[in-house]
Amino acid sequence: MSQPPIHVIDSHTQGEPTRVVVSGGPDLGSGPLAGRARRLQLEHHWLRGAVCNEPRGHDAMVGALLCEADEPDCVCGVIFFNNVCNLGMCIHGTIGLTVTLAHLGKIGVGTHRIDTPVGVVVSTLREDGSVEVTNVPSYRTAADVGVDVPGWGTVRGDIAWGGNWFFLIDGQGPEVAFSNLDALTDFTWAVRRELAAQGITGEGGMEIDHIESFGPPGDPALADSRNFVLCPGKAYDRSPCGTGVSGKLACLHADGKLAPGKIWRQAGILDTVFHGSVTPLPAGRILPRVSGRAWVNGEATYFFDPADRFRYGIPASL
């Protein structure tokens, strides 16, 4: 039996793409988004390949499956994924989803609750078209952790949760500049491999699958820092990475360097900027707020001809 067509809408959030599957996706049943996300990962990997892999996609593409919410008073649910796995949360994707819902006429200016596999987030669409996302509670679990990396010696960083697990490195490795993309990719990929090999994880043994390297901003008048973020599929984040910014905010607040309500301006590798702030929570956690902009830039219907060998995307290995 052939797969029915699916309809997608594309956007980019300050350079980083989001592809929202608005219809034709798999039936994942009902219940909490975390359970449905597991079913998507285990039983419907064809969607990830069709949306994120060539010939329709590319390594940096992030997919977002629009779902019915399970939590009350939410406008929708969403499951984010990239070319290799599901993502717990994705702030650039939530910003892209928000402008996509507005494009479809499903929401207007105001505040909207969105159900995700890691909890409910709140997205506020502003009059000027910008979007602020109140993320899930974020926190640092360990500071100044050393990992031995061949060719680099002991690399030190913080481990933090911002909806995904991050290892945050400041002032080590190649200069954080667009001209150093290959070197930064090699460095952060080596760090990720060694974290796994040396058994350094997030809480509950969760894999640290995002590596974030920081350096000085290109223009201190516009940003406080510039980052390079390596995502699970080995692509770099073109935006400043909202869940990574959430982890950074948690670390800054834990170190007494970011007071409640103060704005942190985080530039990404393309020098686009997210603005973030924190509200303290008990047990050393914070509620991060991250704002940015996205633009809808296309839509398409995908067809799945059984004679097309690559109708579900070109796999990583043939």
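Please refer to the structure placed before this passage.
Being a predicted model, the structure only gives us computed values, none of them experimental. (Residues numbered from 1 in each chain as written. Predicted model: local features only at pLDDT ≥ 70, side-chain atom pairs only at ≥ 80, totals over all residues. Heavy atoms only, no water.)

A. Region of the structure containing helix 5 (residues 242–254). Its 13 residues place the ends of helix 5 18 Å apart at the C-alpha level, agreeing with the 18 Å of an ideal helix rising 1.5 Å per residue. For helix 5, the buried fraction is high: eleven of the 13 residues fall into the buried class. Every buried residue of helix 5 is listed here: Gly-242, Thr-243, Gly-244, Val-245, Ser-246, Gly-247, Lys-248, Leu-249, Ala-250, Cys-251 and Leu-252. In the stretch just after helix 5, Gly-256 is the one whose phi turns positive, near 75 degrees. (Helix = DSSP H or I, 4+ residues; strand = E, 2+ residues; numbered from the N terminus. Expected span 1.5 Å × (residues − 1). Buried < 20%, exposed > 50% of the residue type's maximum accessible area, 1.4 Å probe, protein only.)

B. View of the nonpolar core. Counting 56 residues, the largest nonpolar core has Phe-167 and Val-191 as the members making the most contacts within it. The element best represented in this core is helix 4 (residues 181–197), accounting for six residues. Those residues in contact with Val-191 that sit more than four places away from it in its chain are Val-147, Val-149, Val-155, Phe-167, Ile-169 and Ile-211. In terms of nonpolar packing, the next biggest core, distinct from the first, is built from 19 residues, Val-21, Leu-40, Ala-50 and Phe-81 among them. (Core = buried A, V, L, I, M, F, W, Y, C linked by side-chain atoms within 4.5 Å. Contact = heavy atoms within 4.5 Å.)

C. Just unusual backbone geometry, in detail. Looking along the chain, the bond that leaves Glu-54 and enters Pro-55 is cis, with omega of 10 degrees. Here the phi dihedral of Lys-234 falls at roughly 80 degrees; this positive angle occurs in a residue that is not glycine. Structurally, Lys-234 is set in the loop between strand 13 (225–230) and helix 5. The partly exposed category is assigned to Lys-234, whose relative accessible area is 39%.

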